[in-house]
Each structure stands twice: as structure tokens, then as C-alpha cells.
Amino acid sequence: MEVKAKLKYAKVGTQKARLVADLVRGQNVNVALKNLTFMKKKTAVLVKKLIESAVANAADRNVIDVDNLYVKSITVDQGPSAKRFRPRAQGRAFQIKKKMSHINVTLDER
């Protein structure tokens, strides 16, 4: 039985988040959490909390054995961009897009 968790509007770009998601996909939950603990990326902290949330969801249901879980799928989709403006030369304005992403995790039992 699958267990899901979502993180919406994470303030990180999708390309940067997909680098971390690709490393975790298909791994055992304990191994994935251990790898994310020592990774020096902002997204690693977000994905670690998300996987821990999905494990807590599984423990709450009492249907799945938590020790046998693995990351079945993890997807990173693009969210909305917050638009900010910076002053530039000769009175012009330059638009900066602060990107966000939606991260979805699905855990399953082996």
C-alpha cells in the first residue's frame, strides 16, 4: 500500500531539486534519510523532512511495516514564480524570477 506526502511552494528551483530527487529515488527509506543527512544542499533538508512526513503517515495508518519502506517515486514539478524587480542603468528595471517547486513523494513496501 502506497503512502504519499507533498511539499508545495518550496522556495527552490526545480533543476536544483531534481538533482537531489534523482539520488534518492528507488532507495530504502533508512538509506535515503542517511544520505540526505550528510548532503550539503538546501533541497536535501526539504526532501528529508518530506520523507520523514511520509513515514509518519505510514506509521499513523498501522497498515504498513515502516522498516520495509522504499522511495517508489519522487517528482519535482515547477511551481509559480515570484516576480521581483531590481534597478538597472538609465532608469530601467530588471525582472528577477524567484522560482518555486512542488515536491511529491510516494513510499511503498517491499
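Just above, that's the structure.
Residues numbered from 1 in each chain as written. Predicted model: local features only at pLDDT ≥ 70, side-chain atom pairs only at ≥ 80, totals over all residues. Heavy atoms only, no water.

Enquirer: Please clarify how the environment of Phe94 should be interpreted in this entry.
Expert: Checked against the element boundaries, Phe94 lands in strand β3 (residues 93-109). Along the sequence, Phe94 and Arg84 sit 10 residues apart, while their C-alpha atoms lie 8.4 Å from each other. When near neighbours in sequence (up to four residues on either side) are disregarded, Phe94 contacts Arg84, Phe85, Arg86 and Arg88. (Helix = DSSP H or I, 4+ residues; strand = E, 2+ residues; numbered from the N terminus. Contact = heavy atoms within 4.5 Å.)

Enquirer: Sorry, what's going on with the side chain of Thr14 here?
Expert: Relative to the elements of secondary structure, Thr14 occurs in helix α1 (residues 14-24). Not counting the four nearest positions on each side in its chain, Thr14 is found in contact with Val76, Asp77, Gln78, Met100 and Ser101.

Enquirer: Please clarify how the packing of helix α2 (residues 29-37) against helix α3 (residues 42-61) should be interpreted in this entry.
Expert: Each packed pair of helices is defined by two parameters, the angle between the axes and the distance between the axes. Across the interface, α2 lies against α3 with an axial gap of 9 Å and an inter-helix angle of 155°. As summarised for this structure, α2 and α3 are arranged roughly antiparallel, according to the angle between their axes. The way α2 lies across α3 gives a crossing that is left-handed. Taking contact as the criterion, the partners of Val29, Leu33, Leu36 and Thr37 in α2 are, on α3, Ala44, Val47, Lys48, Ile51, Glu52 and Val55. The residue makeup of the contact of α2 with α3, split by class, is seven nonpolar, one polar and two charged. (Axes fitted to C-alpha atoms, helices over the stretch in contact; angles between N-to-C directions. Parallel < 35°, antiparallel > 145°, perpendicular 65-115°, else oblique. Left-handed = near helix turned anticlockwise from the far one by under 90°. Nonpolar A, V, L, I, M, F, W, Y, C, P; charged D, E, K, R; others polar.)

Enquirer: It is not clear to me how the packing of aromatic side chains should be interpreted in this structure. Could you clarify?
Expert: When we look at a pair of aromatic rings, we describe it by the centre distance and by the angle of the planes. With the rule as written, the count across this model stands at zero aromatic pairs. Positioned above the aromatic ring of Phe94, the side-chain terminus of Arg88 is 4.9 Å from the ring centre. A cation sits over an aromatic face here: Arg110 above Tyr70, 4.2 Å from the ring centre. (Phe/Tyr/Trp six-rings, centres within 6.5 Å; stacked < 30°, edge-to-face > 60°. Lys NZ or Arg CZ within 6 Å of the ring centre and 35° of its normal.)

Enquirer: Hey, could you run me through the layout of surface pockets in this one?
Expert: Empty space among the atoms can be located by rolling a probe the size of a water molecule over them. Taken as a whole, the largest pocket encloses approximately 190 Å³ of empty space. Taken together, Lys11, Val12, Gly13, Thr14, Gln15, Lys16, Gln78 and Lys99 form the lining of the largest pocket. If one sorts the elements of the lining of the largest pocket by residue count, α1 sits on top with three residues. (1 Å grid on protein atoms, 1.4 Å probe; cavity = no way out; pocket = protein on both sides within 12 Å on 5 of 7 lines; lining within 4 Å. Points joined across faces, edges and corners; volume = space filled by probe spheres on them.)

Enquirer: Just checking my understanding: could you explain unusual backbone geometry for this structure?
Expert: Negative phi characterises most residues that are not glycine, and trans characterises most peptide bonds. The backbone of Tyr9 shows a phi angle near 60°, a positive value even though the residue is not glycine. Here Tyr9 lies in strand β1 (residues 3-10). Of the residues examined, Tyr9 reaches a relative accessible area of 49% and is grouped as partly exposed. Phi angles above zero are rare outside glycine, and Gln90 is one such case at about 60°. Take Gln90: it is sitting in the loop between β2 (69-87) and β3. (Buried < 20%, exposed > 50% of the residue type's maximum accessible area, 1.4 Å probe, protein only.)

Purely geometric numbers; function is a separate question.
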